[in-house]
Amino acid sequence: MARRGARIVVGLLSAALLMPTGYVAAGTASASATVSAAAPTAAASIVPEARKATKKKTKKKTKKVCKIVKKRVGKKIKRVKKCKRVSVKKKKFSSLKRITAPSSSPIQPGFPHDGNTGAPASMGLSVHDGDLTITTPGAVIDGRDIRGYVAIKAPNVTIKRSIIRGGGAATVNRALLSATHSGAANFLIEDVTVAPTNPSPYANGINVNQAGTIRRANISGTVDGIMIYGSGVRVEGSYLHHFAHYVNDPNWGGGPSHDDAIQVQSGDGVAIVGNSLTGAYNAAVMVTQDSGKTSNLAINGNWMDYGGCSVNFGSNGGYKSGMQANGNRLGRAQRNRGCAIVHNAARSDLRPSANVWDDTSGAIAVTRGS
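**Q** Tell me about the pattern of salt bridges, residues and numbers included.
**A** A full pass over the atoms with the stated rule returns 10 salt bridges. Residues arginine 161 and aspartate 142 are paired through a salt bridge, measuring 2.7 Å at the closest nitrogen-oxygen approach. In this pair, arginine 161 sits in strand 11 (residues 158-164) while aspartate 142 sits in strand 8 (residues 140-142), placing the two residues 19 residues apart along the sequence. Among the residues examined, aspartate 142 registers a relative accessible area of 29% and is labelled partly exposed. Its salt-bridge partner being aspartate 359, residue arginine 332 comes within 2.8 Å of it at the nearest N-O pair. In this pair, arginine 332 sits in the loop between strand 29 (329-330) and strand 30 (341-343) while aspartate 359 sits in the loop between strand 31 (356-357) and strand 32 (367-368), placing the two residues 27 residues apart along the sequence. Sharing partners across several salt bridges, the network here consists of Glu190, Asp191, Arg215, Arg216, Arg234 and Glu236.

Right, here's the structure in full:
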C-alpha cells in the first residue's frame, strides 16, 4: 500500500545519498530573524552525502523473565518457577551519519541553485513560532520564518519570500507544507525555502493535491521533496536537493528510504519545468499511479541527477497517456550507470526528445523498464 508521504517500490533501487546543506539553521524565537547565506554560483559542484539512521543510545532498562524448570526436592522432581532480570534496550531512529557519495556534475549556469531560489538571503524575516493553518481566502504570507508546519485550507493563498522549518521531528507521515485540503486550490508558493530543523523519516517537503504553482522553491532535508497526487500542479524554476535517505527507515520495515525529489502519484496536467532536481536515492522524478490515474504530465527543460534512474515512469497502474520528457539535461550520478530515463513502452505513450547528458551534450537513450 502506498502512503501520501511514502511510496510503493517501483523502478530500480540501490544505495546511498545526502545531507541537507545551505542556510537553514535553527534559531531561537524572536520578533524578527535575518536569513543569511553564501550563495554558490550556478556552476558550483553539488556533492551530496548519504544520511544513515543510527540508533540512539538509551538508558538500559530491565524486565523480569520467568520460566518453569524441574528441580529435585528430596526424592521427588518438582516443577518450579525460576525468574531473573534481563536488560532491555529500546531502539530509536535519531541521529544521522554522513556517508560519502559519488559527486554529481555541476549544475549548468542558468538552472536554479541556492543563490536564486528560496527566501532571499538578505531579507529580514518575521518569526512565527508554531504551526500555521491558513483559512482566509486570498491570504498573503510574506517574509516569515515559520518554525512549525504549514497547512493551506483556503483558495488563492500566496506564501512568498519565507522559510518553513517544521516543528518537532514528525512521528507520523506529514509534510512541512501541505496543500491537500479540498478548498486550497489556486495557491502560489514563491521564493520559499523548505527545510526541516528536525529531520525525520516521516517528513516530506510539500504534499499537494490541489491545483497551484510552486515557483523558485528551495527544498532539502526531507524524504520526498514534493509529493503530488492531484491535477493542475506546476513546479517551475525550483531547486530540490540533498534529501534525507535513511538506511533503516521505519516506513519500509527497517529497509532503506525511497526518497524522490518529486513523486507524482496521480493527476492530470502536472508540469515539472525548468528545475534543478538532484540528490534523491530513488529518483529525481518518480511517476506512479499509487493514488489514481496519471495523464498529461510534462517533465521538460530540467537539470537532473541521481536516483536509481533519474526519471522513472513506473509501470504500476493503467496505461499513462500524454507523457512528456523533453529537453532535459542529466548528470551521471545514477546508481544504475547510464539510466537517465526508464520507461516501459507498453505502459505509456512517452516519446522523449532532446534529452542530453550534461557533460557531453550527447543524446540519451531511454532504458526499457519492466
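**Q** Could you give me a rundown of the environment of tyrosine 246, with the residues and numbers involved?
**A** Positionally, tyrosine 246 belongs in the loop between strand 19 (239-241) and strand 20 (260-268). Exposure remark for tyrosine 246: the relative accessible area of 2% places this residue in the buried category. Polar contacts involving the side chain of tyrosine 246 include one to the main-chain amide nitrogen of serine 200, which spans 3.3 Å.

**Q** Lay out the confidence of the model for the protein in plain terms, naming residues and giving numbers.
**A** For the protein, per-residue confidence averages 81 on the pLDDT scale, and residues scoring 70 or more make up 75% of the total. Low pLDDT, under 50, characterises residues 90-102; the stretch is placed with 41 contacts to residues that sit more than four places away or in other chains.

**Q** So what's going on with the side chain of asparagine 204? Which residues, and what values?
**A** One can find asparagine 204 in strand 14 (residues 203-208). Assessed through its relative accessible area of 0%, asparagine 204 is described here as buried. Side-chain polar atoms of asparagine 204 contact the side chain of asparagine 207, separated by 3.1 Å. Within the local environment of asparagine 204, its side chain forms a polar contact with the backbone nitrogen of aspartate 224, the two atoms lying 3.1 Å apart.

**Q** Describe unusual backbone geometry, naming the residues involved and giving the relevant values.
**A** Phi is positive for asparagine 156, which is not a glycine, with a value near 60°. With respect to the secondary-structure elements, asparagine 156 resides in the loop between strand 10 (150-152) and strand 11. Overall, the relative accessible area of 37% leaves asparagine 156 in the partly exposed class. Phi is positive for tyrosine 306, close to 70°, though the residue is something other than glycine. Within the element layout of this structure, tyrosine 306 appears in the loop between strand 26 (303-304) and strand 27 (311-313). When its relative accessible area of 2% is taken as the criterion, tyrosine 306 is described as buried.

**Q** Would you mind going over the state of the cysteines in detail, with residue names and values included?
**A** By the definition in use, this model includes one disulfide. Between cysteine 309 and cysteine 339 runs a disulfide, and the two sulfur atoms are separated by 1.9 Å. Across the S-S bond linking cysteine 309 and cysteine 339, the dihedral sits near 90°, which makes this disulfide right-handed. One end of the pair, cysteine 309, is in the loop between strand 26 and strand 27; the other, cysteine 339, is in the loop between strand 29 and strand 30, with 30 residues separating them in the sequence. Judged by relative accessible area, cysteine 309 falls into the buried class, the value being 0%. Look at cysteine 339 and you get buried, because its relative accessible area is 3%.

**Q** Would you mind going over the side chain of serine 162 in detail, with residue names and values included?
**A** If you trace the backbone, serine 162 turns up in strand 11. Among the polar contacts listed, one links the side chain of serine 162 to the backbone nitrogen of glycine 143, at a separation of 3.3 Å. Looking at serine 162, its side chain comes within polar contact range of the main-chain nitrogen of arginine 144, at 3.0 Å.

**Q** Requested: an account of the nonpolar core, with residues and values cited.
**A** Across soluble globular proteins, you tend to see nonpolar side chains buried next to one another. Judged by nonpolar contacts, the single largest core of 56 residues is most densely connected at Ile152, Ile159, Ile226 and Phe313. Setting aside chain neighbours within four positions, we find isoleucine 226 in contact with Ile206, Val208, Ile214, Ile219, Val235, Leu240, Ala261, Ile262 and Gln263.

**Q** Please give an account of the pairing of strand 23 (residues 283-287) that cites residues and values.
**A** In terms of burial, strand 23 is largely enclosed, as five of its five residues are buried. Relative to strand 23, strand 20 runs parallel, the two being bridged by four bridges. Considered in strand 23, the bridge of glutamine 263 is made with methionine 286. Pairing geometry for strand 23 and strand 27, over three bridges, is parallel. Residue pairing across strands places valine 285 opposite valine 311, the latter belonging to strand 27.

**Q** Let's hear about the environment of asparagine 207: which residues, and what values?
**A** Turning to its location among the elements, asparagine 207 is positioned in strand 14. For asparagine 207, a relative accessible area of 6% translates into the label buried. Remark: the alpha-carbon pair of asparagine 207 and isoleucine 226, spanning 19 residues in sequence, is separated by 5.9 Å.

**Q** Run through the environment of threonine 294, naming residues and quoting values.
**A** Inspection of the secondary structure assignment puts threonine 294 in strand 24 (residues 294-295). Of the polar contacts made by the side chain of threonine 294, one reaches the backbone oxygen of threonine 288; its length is 3.0 Å.

Reading guide: rules and limits
Residues numbered from 1 in each chain as written. Predicted model: local features only at pLDDT ≥ 70, side-chain atom pairs only at ≥ 80, totals over all residues. Heavy atoms only, no water. Salt bridge = Lys/Arg side-chain N within 4 Å of Asp/Glu carboxyl O. Helix = DSSP H or I, 4+ residues; strand = E, 2+ residues; numbered from the N terminus. Buried < 20%, exposed > 50% of the residue type's maximum accessible area, 1.4 Å probe, protein only. Polar contact = N/O pair within 3.5 Å; in protein donor to acceptor, adjacent residues only side chain to side chain. pLDDT = per-residue confidence, 0-100. Contact = heavy atoms within 4.5 Å. Disulfide = S-S within 2.5 Å. Core = buried A, V, L, I, M, F, W, Y, C linked by side-chain atoms within 4.5 Å. Pairing = 2+ DSSP bridges.

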